[in-house]
Amino acid sequence: MHPEISADLTALDSTLTTIEKVMDLEALAENVRELEAKAADPTLWDDPDHAQQVTSKLSNTQAKLRKVTALRQRLDDLPVMYELAEEEDGAGGGDAHDLADAERADVRSEVEKLEVTTMLSGEYDEREAVINIRSGAGGIDAADFAEMLMRMYIRWAEKHGHKVDVYDTSYAEEAGIKSATFVVHGEYTYGTLSVEQGTHRLVRISPFDNQGRRQTSFAEVEVLPVVESTDHIDIPDADVRVDVYRSSGPGGQSVNTTDSAVRLTHIPTGIVVTCQNEKSQIQNKASAMRVLQAKLLERKRQEERAELDALGTGGNASWGNQMRSYVLHPYQMVKDLRTSHEVNNPQAVLDGDLDGFLDAGIRWRMESED
């Protein structure tokens, strides 16, 4: 085997061994056994919500364990693949070595992805994500940019098999959106997407300017963890004002003939949450309450940490706190200002190709906390 290949396999083995230690495979296997015992309890479904939590956690834990053990097996098989390839090459073949190289590249990619996942060890990183997008400075271009970002995250979620529920979309008068709130379902979506929080900046020739001038516009992205029943976020009824109104679509057109949209105002903090995309007022109120709880949970977390830059209090979408630039003119580039990760294909990024930015952001955050 070539020395470079041997050194690469040794490095991959070292990284995977570290990942296995961090994940604690024995503890994972024990957790699977405990959850299997709970799932086999005939009384489990007496409480459907609890049963759903148990079966979901069992499925996720089993998948996690299977993934790392399968990856270990593939890595252990690679030296054998190269030995067979050398024998075949000696017999006049050549395809086997290419196959071994392709498998090694794929294993490296999977190890790197797993390494990033092990960095998601924060208190709420395993949870699903609530994303709020608001247009900032830049007028109609900012509203259009906010809608582009919403589409970007939804496309990313679709590529990864994550379901998305849109709770609220406030359309701008001419084009785009003033704001949107949606949930990305799936394990670790909060930990993964939380690095997207901040001000995003777009530079392009404005399609809304008849003189074809270059326009800079901004949008704010806020990412919150979905609240679970164990979080103890109690909101007294007296602290919430509930307003109902008629849902509307783009351009103010009515999309619902009943007052089913709901606006919740948390009186002590002034936080306002709206939901209009569910079919009934009851569903909209329940969805809005989940978002309000998420915002209050985030506020509580930040107060406990005594941080001034509270994630749930809104942002100032302008030059001051931008984290990524999307430049479509005079050149093509998307660059993260924290990690310096950049690509020269903005359209691919806006079509949901975000993994490079997410991985770089998670690694950057991990290094910043050390």
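Positions within a chain are numbered from 1, following the residues in the order the chain's sequence is written. Owing to the predicted nature of the model, reporting of local features is limited to residues with pLDDT of at least 70; listing and counting of side-chain atom pairs is limited to 80 or more, with chain, interface and lining totals taken over all residues. Computation of side-chain values: all heavy atoms of the structure, hydrogens and water removed.

**Overview of the overall build of the chain**
Inference 1: For the purposes of this entry, the term helix denotes a DSSP run of H or I that reaches at least four residues, the term strand denotes a run of E that reaches at least two, and both are numbered from the N terminus. Looking only at helices and strands, the chain has nine helices and eleven strands in total.
Inference 2: Projected onto the principal axes, the alpha-carbon positions of the chain cover approximately 75 × 65 × 40 Å.
Inference 3: For the exposure calls, accessible area comes from a 1.4 Å probe over protein chains only, and a residue counts as buried if that area is under 20% of its type's maximum, exposed if over 50%, partly exposed in between. Here the chain holds 370 residues, and the buried ones make up 42% of them.
Inference 4: In what follows, a contact means two residues having at least one pair of non-hydrogen atoms within 4.5 Å. Taking the contacts inside the chain whose residues are at least 6 apart along the sequence as the reference set, 65% of them involve residues at least 24 apart.
Inference 5: In this description, accessible areas are obtained by the Shrake-Rupley approach with a 1.4 Å probe, and a residue is regarded as covered only by the protein chains that are shown. Total accessible area computed for the chain in this model is approximately 19,300 Å², and 48% of it derives from carbon and sulfur atoms.
Inference 6: As used throughout, the charge tally considers Lys and Arg to be positive and Asp and Glu to be negative, leaving His and the chain termini uncounted. The atoms used to mark charge sites are NZ of Lys, CZ of Arg, CG of Asp and CD of Glu. Put simply, the chain has 39 plus and 67 minus side-chain charges, and the middle of one group is 7 Å from the middle of the other.

**Some words on the packing of aromatic side chains**
Working definition: an aromatic ring pair is given by the centre-to-centre distance plus the angle between the planes.
Inference 1: Only centres within 6.5 Å qualify two rings of Phe, Tyr or Trp (six-membered ring in Trp) as a pair; their planes then separate them into stacked at under 30 degrees, edge-to-face at over 60, and tilted for everything else. Taken as a whole, this structure holds one aromatic pair when the rule is applied.
Inference 2: A ring pair is formed by phenylalanine 145 and tyrosine 326, whose centres lie 5.5 Å apart and whose planes are at 70 degrees; its orientation type is edge-to-face. On the criterion of sequence distance, the pair formed by phenylalanine 145 in helix α5 (residues 139-159) and tyrosine 326 in strand β9 (residues 322-327) is long-range, its members being 181 residues apart. Each member of the pair, phenylalanine 145 as well as tyrosine 326, carries the same accessibility label: buried.

**Concerning the pairing of strand β5 (residues 214-225)**
On any regular strand, side chains alternate: one points to one face of the sheet, the next to the other face.
Inference 1: Judged by how many residues are buried, β5 sits mostly within the fold: nine of twelve residues are covered.
Inference 2: A strand pair is defined by DSSP finding two or more bridges across the two strands. As paired elements, strand β1 (residues 129-135) and β5 share seven bridges and run antiparallel to each other. Note on β5: the bridge partner recorded for asparagine 132 is glutamate 222.
Inference 3: The sheet contact formed by strand β4 (residues 198-205) and β5 spans eight bridges and is antiparallel. From the neighbouring strand, arginine 201 faces β5, where its bridge partner is phenylalanine 218.

**Notes on the packing of helix α1 (residues 3-23) against helix α4 (residues 95-118)**
Inference 1: With their axes 10 Å apart at the nearest point, α1 and α4 run at an angle of 30 degrees to one another. Classed by the angle they form, the pair α1 and α4 counts as roughly parallel. Our pair here, α1 against α4, has a crossing hand that is left-handed. Across the interface between the two elements, Ile5, Asp8, Leu9, Leu12, Thr15, Leu16, Ile19, Val22 and Met23 from α1 touch His97, Asp101, Arg104, Arg108, Val111, Leu114, Glu115 and Thr118 from α4.
Inference 2: Residues are grouped as follows: Ala, Val, Leu, Ile, Met, Phe, Trp, Tyr, Cys and Pro are nonpolar; Asp, Glu, Lys and Arg are charged; all remaining types, including Gly, are polar. Considered class by class, the residues forming the contact of α1 with α4 number nine nonpolar, three polar and five charged. Whenever a helix is involved, its axis is fitted only over the stretch in contact; in every case the axis is a line through C-alpha atoms, and angles between N-to-C directions fall within 0 to 180 degrees. Oblique is the label for any angle not under 35 degrees, not over 145, and not in the 65 to 115 range, which are roughly parallel, roughly antiparallel and roughly perpendicular in turn. Crossings are classed by handedness, with left-handed meaning an anticlockwise turn of the near helix from the far one by less than a right angle and right-handed meaning a clockwise turn.

**Examining the pattern of salt bridges**
Inference 1: Salt bridges are defined as contacts in which a side-chain nitrogen from Lys or Arg sits within 4 Å of a carboxyl oxygen from Asp or Glu. For the coordinates displayed, the defined rule picks out 23 salt bridges.
Inference 2: In this structure, lysine 163 and aspartate 165 form a salt bridge, with 2.9 Å as the shortest nitrogen-oxygen distance.
Inference 3: Judged by relative accessible area, which is 23%, aspartate 165 ranks as partly exposed.
Inference 4: In the salt-bridge network here, residues are joined through shared partners; they are Asp8, Asp101, Arg104 and Arg108.

**A word on the pairing of strand β8 (residues 271-275)**
Inference 1: Counting buried positions over the five residues of β8 gives four, a clear majority of the element.
Inference 2: Where strand β7 (residues 261-266) lies against β8, five bridges are found, and the strand directions are antiparallel. Bridge pairing in β8 links histidine 266 to isoleucine 271.
Inference 3: Remark: four residues form the turn of the hairpin made by β7 and β8, two consecutive strands paired antiparallel; glycine 270 in that turn has positive phi of roughly 80 degrees.

**Examining the sheet that holds β8**
Inference 1: The three strands lie next to each other as β6-β7-β8, forming an open sheet whose pairing is antiparallel. Across the chains shown, the open sheet's two edge strands, defined by having one partner strand only, are β6 (240-245) and β8. Within the sheet, the average angular offset between the axes of one strand and its neighbour, ignoring direction, is 15 degrees.
Inference 2: For β6 and β7, the ladder comprises six bridges, and the chain directions are antiparallel. Residue valine 240 lies in a different strand from β7, and its bridge partner there is histidine 266.

**Remarks on the environment of threonine 61**
Inference 1: Mapped onto the elements, threonine 61 comes out in helix α3 (residues 48-90).
Inference 2: The sequence separation of threonine 61 and valine 273 amounts to 212 residues, and the corresponding C-alpha distance is 34 Å.
Inference 3: Definition of a polar contact: a pair of N or O atoms within 3.5 Å, with one able to donate and the other able to accept a hydrogen when the atoms are protein atoms, and with sequence-neighbouring residues admitted only if both atoms are side-chain atoms. In terms of polar contacts, threonine 61 uses its side chain to reach the backbone carbonyl oxygen of lysine 57, at 2.7 Å.

**Here's the deal with helix α9 (residues 355-369)**
Inference 1: Multiplying one less than the number of residues by 1.5 Å gives the expected span of a helix. Here α9 is 15 residues long and its end C-alpha atoms lie 21 Å apart, about the 21 Å a rise of 1.5 Å per residue gives.
Inference 2: Within α9 the residues assigned to the buried category are Phe357, Leu358, Ala360, Gly361 and Ile362.

**Details of the nonpolar core**
Inference 1: Counting residues in each nonpolar core, the largest one holds 57 residues, and the members touching the most others are Ile131, Ile133, Leu149, Tyr153, Leu193 and Tyr326.
Inference 2: Broken down by element, the residue count for this core peaks at ten residues, all from α5.
Inference 3: In this structure isoleucine 131 touches Tyr153, Ala180, Thr181, Phe182, Val184, Leu193, Val221, Glu222 and Val223, once residues within four positions along its chain are discounted.
Inference 4: Membership of the second largest hydrophobic core comes to 24 residues, among which are Leu44, Ala51, Val68 and Leu114. Put simply, a nonpolar core is a bunch of buried Ala, Val, Leu, Ile, Met, Phe, Trp, Tyr and Cys residues held in one set by side-chain atoms that sit within 4.5 Å of each other.

Structural measurements only, silent on function.
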